[in-house]
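# Examining the three-dimensional arrangement
Chain residues, written in single-letter form:
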Amino acid sequence: MAMMTAEQYEESLEKLNLVVYMFGERVEDVVGNPIIRPSMKAVAKTYELAHRSEYEDIMTVVSHISGKKINRFTHIHQGTRDLLKKSKMGRLLGRETGCCFQRCVGMDALNALSIVTFDIDAKYPTGYYKRFLKYLEYVQENDLTCDGAMTDPKGDRGLPPHKQPDPDHFLRVVKERKDGIVVRGAKAHQTGAVNSHEVIVMPTLSMRKEDEDYAVSFALPSDAEGITYIMGRQSCDTRKLEGGNMDQGNLMFGGHEALVVFDDVFVPWDRVFMYKEYDFAGQLVEDFASYHRQSYACKVGVGDVLIGAAQTAAEYNGVARASHIKDKIIEMNHLNETLYCGCIACASEGHKEPSGTYCVNTLLANVHKQNVTRFPYEMARLAQDIAGGLMVTLPSEKDFRSPETAKWVEKYFKARPDVSTENRMRILRLIENITLGTAAVGYLTESMHGAGSPQAQRIMISRRANLPEKQRAAKKLCGIEE
Amino acid sequence: MLRVGVKYCGGCNPEYDRVALVEQIKERLEGKVSFVLPESEDVDIILVVCGCKTACADLSSFRGIKIRAVTNREEGKKFIREIIEREVQINAKAEK
């Protein structure tokens, strides 16, 4: 099997034996759970589109190791063309789902490991790259979704891993065995964790010798013994339990995050890609972060949906011709396309690493992500401005359907005579969903903190900005000789 | 009959409905053109349907084959006209 269909993907998840908790109870049917299921459908879209001829040029690619056609989410970038198509794929899927489709993080982990395992082998007699390629072949052949797990709970942010009062606040090796290692700790904010077949663990920051037990990278089946998932809440999440098909806003798709706990989990050696090579932890973090900051191309696609919703709301409200409304829509487009510029630029300026993998331009990827920490918030503000306060004061769908209240809701929330009240309510609910409901987790706060918080990008921008060269240019022009 | 293989770009941000255009082309050229899979060995033309003028579809597997790209609806209609005119010319030659 080189590429799964959406149906095969869902069936494959049903075979997993994940230990998932939500609202204090074990979730027995993860795939069928109404709160989790929309997120599974969003990942399934990455499988569905790969089989449609009108999307296959972006969604599929020929594997450089097997020569087979594979889903791009399992691919190692072989040129800037691949990097560009990755950015375009993000926009496409963001627009088709209106939410986080969760699968980019595993792709980014695979690509980062394809660079770093090679580089570790160049310094030490470790054999990680060969091991990684074997794992990659398995992922590609089975078209797996991987969770790229980097963020540790981190405990006291002022202390390195080895000085934490609770040593498990960074995931670490607690035992070395002849056949592998035993790890303990957790990874937080794991997007799409319970929709994944595999979990790829990486260290979360640069490390020194004292932290070598924490410098570990490996991959495990997501249902490996000792792994527990605790689902994160999302604003308005229980609307999915209410029945009906209006108040959720996005009726089809969503995202999810989870805390993933590793309680003395065994990892066989053939799944270990870094073991105490602490001097490469920083590189793995940086490479992964650069790829993942590019991945925020998806927000451009969600932005497309938000712009479309804002324009529709303006039309339904009867204000689309007002000059200030037009200007706000222009501003939203300007912001969204500026985001697109960043993810295209860092891809087209990509470079070849010693392993042969192409990596994005780090400076431009960080600039792009820094923009993503800001622009979606402004776009959300503009969308709410255009939508009007009704998007947060609307009665529920049940009131809209109730024999006692339907006539009043219908009558008093009617705007243009040629637009149904129901359609007006639907578009306002979608704006609510993206800007402060379940999808705001992905569109706003994930834009802020996902792939590193704003300050992390500013540090990278500072490192890569090459100030001496800019100073040289300035001094030369005004005649300074030192 | 002319054998045309349809190859789409990836559709990241198309400026029009590419699939609807192809359906329209197929409908208008029914009986005049045989639409085949683009990877078919005996394909005469690859019709590349691109969502915008960037036209980034990967055509590396179609080397040596005649390529005809359309990037908007008007170019799609032009393609239809070309095929119809081509058939008219072929029929006229046959009658002579």
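All residue numbers refer to position in the chain's written sequence, counted from 1. The lettering of chains begins at A and the numbering of ligands begins at 1, in the order of writing. pLDDT decides what is reported in this predicted model: residues at 70 or higher carry local features, side-chain atom pairs at 80 or more are listed and counted, and totals for whole chains, interfaces and linings draw on all residues regardless. Computation of side-chain values: all heavy atoms of the structure, hydrogens and water removed.

On to the overall build of chain B. A tally of regular secondary structure across chain B gives two helices and four strands. Each helix is a run of H or I in the DSSP string that is no shorter than four residues. Each strand is a run of E no shorter than two, and both are numbered from the N terminus. Ordering the α and β elements of chain B from the N terminus gives β-α-β-β-β-α. Projected onto the principal axes, the alpha-carbon positions of chain B cover approximately 50 × 25 × 15 Å. Categorising residues by exposure relies on relative accessible area from a 1.4 Å probe, with only protein chains included: less than 20% of the type maximum marks a residue as buried, more than 50% marks it as exposed, and the intermediate range marks it as partly exposed. Every one of the 96 residues in chain B was classed for burial, and the buried ones make up 39%. Looking at chain B alone, contacts between residues at least 24 apart form 65% of all its contacts between residues at least 6 apart. Accessibility throughout is a Shrake-Rupley quantity obtained with a 1.4 Å probe, and a residue counts as covered only by protein chains that appear here. Carbon and sulfur atoms form 46% of the exposed surface of chain B, whose accessible area is close to 5700 Å². Charge assignment: positive for Lys and Arg, negative for Asp and Glu; neither His nor the chain ends contribute. Every charge is mapped onto a representative atom, which is NZ of Lys, CZ of Arg, CG of Asp or CD of Glu. Side chains of chain B carry 17 positive and 16 negative charges; the gap between the two charge centres is 4 Å. Two residues qualify as a contact provided that any one of their heavy atoms is within 4.5 Å of a heavy atom in the partner residue.

Turning to the layout of surface pockets, a few remarks are in order. The definitions used throughout rest on a 1 Å grid laid over the protein atoms alone, on which a cavity is an enclosed set of points accommodating a 1.4 Å probe that cannot get out and a pocket is an open set flanked by protein within 12 Å on both sides along at least five of seven lines; lining residues are those having an atom within 4 Å of a point. Grid points are joined across faces, edges and corners, and a volume is the space filled by probe spheres set on the points. If you add up the space inside the second largest pocket, you get close to 810 Å³. Along the walls of the second largest pocket sit 32 residues, with Glu56(A), Asp57(A), Lys7(B), Ser61(B) and Phe62(B) positioned nearest its centre. Secondary structure elements with two or more residues in the lining of the second largest pocket: helix 3 (56–59), strand 3 (60–62) and helix 4 (80–97) of chain A together with strand 1 (2–8), helix 1 (18–28) and strand 2 (33–36) of chain B. With four residues, the single largest contributor to the lining of the second largest pocket is helix 1 of chain B. A breakdown of the residues in the lining of the second largest pocket according to their chemical character gives twelve nonpolar, seven polar and 13 charged. Residues were grouped as follows: Ala, Val, Leu, Ile, Met, Phe, Trp, Tyr, Cys and Pro as nonpolar; Asp, Glu, Lys and Arg as charged; and all remaining residues, including Gly, as polar.

So, on to the side chain of Asn433(A). All names here are of chain A. Position of Asn-433 among the secondary structure elements: in helix 15 (residues 421–436). Classification of Asn-433 by relative accessible area gives buried; the value is 5%. Reaching out from Asn-433, the side chain makes a polar contact with the side chain of Thr-438 at a distance of 2.8 Å. The residues contacting Asn-433, other than those within four sequence positions of it, are Gln-248, Gly-249, Asn-250, Thr-438, Ala-439 and Ala-440. A 3.5 Å cut-off defines polar contacts: any pair of N or O atoms within that distance qualifies, except that in protein one atom must be a possible hydrogen donor and the other a possible acceptor, and neighbouring residues in sequence count only when both atoms are side-chain atoms.

Okay, helix 2 (residues 73–95) of chain B next. Residues and elements named next belong to chain B. A helix is expected to reach a length of 1.5 Å times the quantity of its residues less one. Taking 1.5 Å of rise per residue, 23 residues should cover 33 Å, and helix 2 covers 33 Å from first to last C-alpha, within 8% of that figure. Burial in helix 2 covers these residues: Gly-76, Phe-79, Ile-80 and Ile-83. The N-terminus of helix 2 is capped by Asn-72, whose side-chain oxygen sits 3.2 Å from the backbone nitrogen of Glu-74.

The subject of this paragraph is the pattern of salt bridges. Residue and element names in this part refer to chain A. Criterion for a salt bridge: a side-chain nitrogen of Lys or Arg within 4 Å of a carboxyl oxygen of Asp or Glu. All told, the structure shown has 40 salt bridges over all chains when counted by the stated rule. Glu-56 is the salt-bridge partner of Lys-69, the closest N and O atoms lying 2.8 Å from each other. Linking Lys-69 in strand 4 (residues 69–71) with Glu-56 in helix 3, this pair joins segments that are 13 residues apart in sequence. Overall, the relative accessible area of 39% leaves Lys-69 in the partly exposed class. Here Asp-179 ties to Arg-177 by a salt bridge, and the two come within 3.1 Å at their closest N and O atoms.

Turning our attention to the sheet that holds strand 7 (residues 180–191) of chain A. In this scheme, strands are said to pair when DSSP sees at least two bridges between them. The strand order 2-1-10-11-7-6 (chain A) describes an open sheet built from six strands, whose pairing is mixed. Looking at strand neighbours, the two that pair on one side only are strand 2 (25–26) and strand 6 (172–177) of chain A, the edges of this open sheet.

Moving on to the interface of chain A and chain B. Counting residues at the interface gives 13 residues for chain A and 14 residues for chain B. Two parts placed together each lose some accessible area under a 1.4 Å probe, and the buried area is that loss summed for both. On the chain A side of the contact with chain B, Glu54(A), Asp57(A) and Lys88(A) bury the most area, a combined 44% of that side's loss. Summed over the shared surface of chain A and chain B, the number is one salt bridge. In this structure, Lys7(B) and Asp57(A) form a salt bridge, with 2.7 Å as the shortest nitrogen-oxygen distance. The tally of links between chain A and chain B comes to nine residue pairs in polar contact (both at pLDDT 80 or more).

Glancing now at the sheet that holds strand 12 (residues 272–275) of chain A. All names here are of chain A. Taken in spatial order, the four strands make up an open sheet running 5-8-9-12, and their pairing is mixed. The open sheet has two edge strands with one neighbour each: strand 5 (146–149) and strand 12. Strand after strand, the sheet turns through a mean of 15 degrees between neighbouring axes, direction not considered. In terms of strand pairing, strand 9 (residues 216–221) meets strand 12 through three bridges, oriented antiparallel. When the sheet's bridge partners are listed, Ser-217 is paired in strand 12 with Met-274. Axes here mean lines fitted to C-alpha atoms, for a helix over just the part in contact, with angles spanning 0 to 180 degrees between N-to-C directions.

Below, the discussion takes up the pairing of strand 3 (residues 45–49) of chain B. All names here are of chain B. For strand 3, the tally of buried residues reaches five of five residues, placing the bulk of the element in the interior. Burial along strand 3 is two-sided: the residues Ile-45, Leu-47 and Val-49 and Ile-46 and Val-48 are all buried. Sheet analysis places strand 1 next to strand 3, joined by five bridges and oriented parallel. Considered in strand 3, the bridge of Gly-5 is made with Ile-46. Of the pairings in the sheet, the one linking strand 3 to strand 4 (residues 66–70) comprises five bridges and is parallel in character.

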